[in-house]
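Residue-level listing of the chains:
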Amino acid sequence: MAVVQLRRDTEGRRYYRRKLADGKTPMEAMRALKRRLSDIVYERMVADAKRIKTGPGGHVGATLQSSAADPKPKVDSSENSLPGPAEDHLRTPLPTAS
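Residues numbered from 1 in each chain as written. Predicted model: local features only at pLDDT ≥ 70, side-chain atom pairs only at ≥ 80, totals over all residues. Heavy atoms only, no water.

Peer 1: Describe the pattern of salt bridges, with residues and values.
Peer 2: Two side chains bearing opposite charge may form a pair once their charged atoms approach each other closely. For the structure shown, the criterion picks out five salt bridges. E11 serves as the salt-bridge partner of R18, at 3.6 Å between the closest nitrogen and oxygen. Residue E11 pairs with R36 through a salt bridge whose shortest N-O separation is 3.9 Å. Taken as a pair, E11 in helix α2 (residues 11–21) and R36 in helix α3 (residues 26–52) lie far apart in primary sequence, 25 residues in all. (Salt bridge = Lys/Arg side-chain N within 4 Å of Asp/Glu carboxyl O. Helix = DSSP H or I, 4+ residues; strand = E, 2+ residues; numbered from the N terminus.)

What follows is the structure in structure tokens.
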């Protein structure tokens, strides 16, 4: 996202150039731009979550009783261990070629 901002004349590019003018190295200026962009995205996500009124886990209608948020998952019989060690099944030897 930051690299795309630098390709065109955008606010991100102007921000990057201001950081360079302030004496930052190109790597430091890029890091600052990435941080700024991530802050903008995070603020938008929080605003959207408040607007939609999402529940736990970020999903509309999710509750703490839903299966996605169940703190104690139920163990199915397929998840139980086997009753004992596996038995050896000897194979019939292959006939030798003559």
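After presenting the structure, the write-up continues.
Peer 1: Go over the confidence of the model for the protein, please, and point to the residues and values.
Peer 2: In this model, the protein carries a mean pLDDT of 79, and residues with pLDDT of at least 70 account for 61%. Of all the helices and strands in the protein, α3 carries the lowest mean pLDDT, 91, while α2 carries the highest, 96. (pLDDT = per-residue confidence, 0-100.)

Peer 1: Explain the packing of α2 against α3 to me, using residue names and the numbers behind them.
Peer 2: For the pair α2 and α3, the least separation of the axes is 9 Å and the interaxial angle reads 140°. What the angle tells us is that α2 and α3 run oblique. The handedness of the crossing between α2 and α3 comes out as right-handed. Counting all contacts with α2, which are made through E11, G12, Y15, Y16, R18, K19 and L20, the residues of α3 involved are P26, A29, M30, A32, L33 and R36. Residues that form the contact of α2 with α3 fall into these classes: eight nonpolar, one polar and four charged. (Axes fitted to C-alpha atoms, helices over the stretch in contact; angles between N-to-C directions. Parallel < 35°, antiparallel > 145°, perpendicular 65-115°, else oblique. Left-handed = near helix turned anticlockwise from the far one by under 90°. Contact = heavy atoms within 4.5 Å. Nonpolar A, V, L, I, M, F, W, Y, C, P; charged D, E, K, R; others polar.)

Peer 1: Go over the nonpolar core with me, naming the residues and quoting the values.
Peer 2: One finds A2, L6, Y15, Y16, A29, M30, A32, L33 and L37 forming the largest nonpolar core, which totals nine residues. For this core, the secondary-structure elements that each account for two or more residues are α1 (2–7), α2 and α3. With five residues, the top contributor of residues to this core is α3. (Core = buried A, V, L, I, M, F, W, Y, C linked by side-chain atoms within 4.5 Å. Buried < 20%, exposed > 50% of the residue type's maximum accessible area, 1.4 Å probe, protein only.)

Peer 1: Account for α2, naming residues and giving values.
Peer 2: By the burial criterion, the buried members of α2 are G12, Y15 and Y16. Angular distribution of buried residues about the axis of α2 spans 100°; they occupy a single face of the element. Residues of α2 that are exposed and point over 90 degrees away from its buried face: R17 and A21. Immediately downstream of α2, the backbone of G23 shows phi near 100°, a positive value. (Arc of directions from axis to C-beta.)

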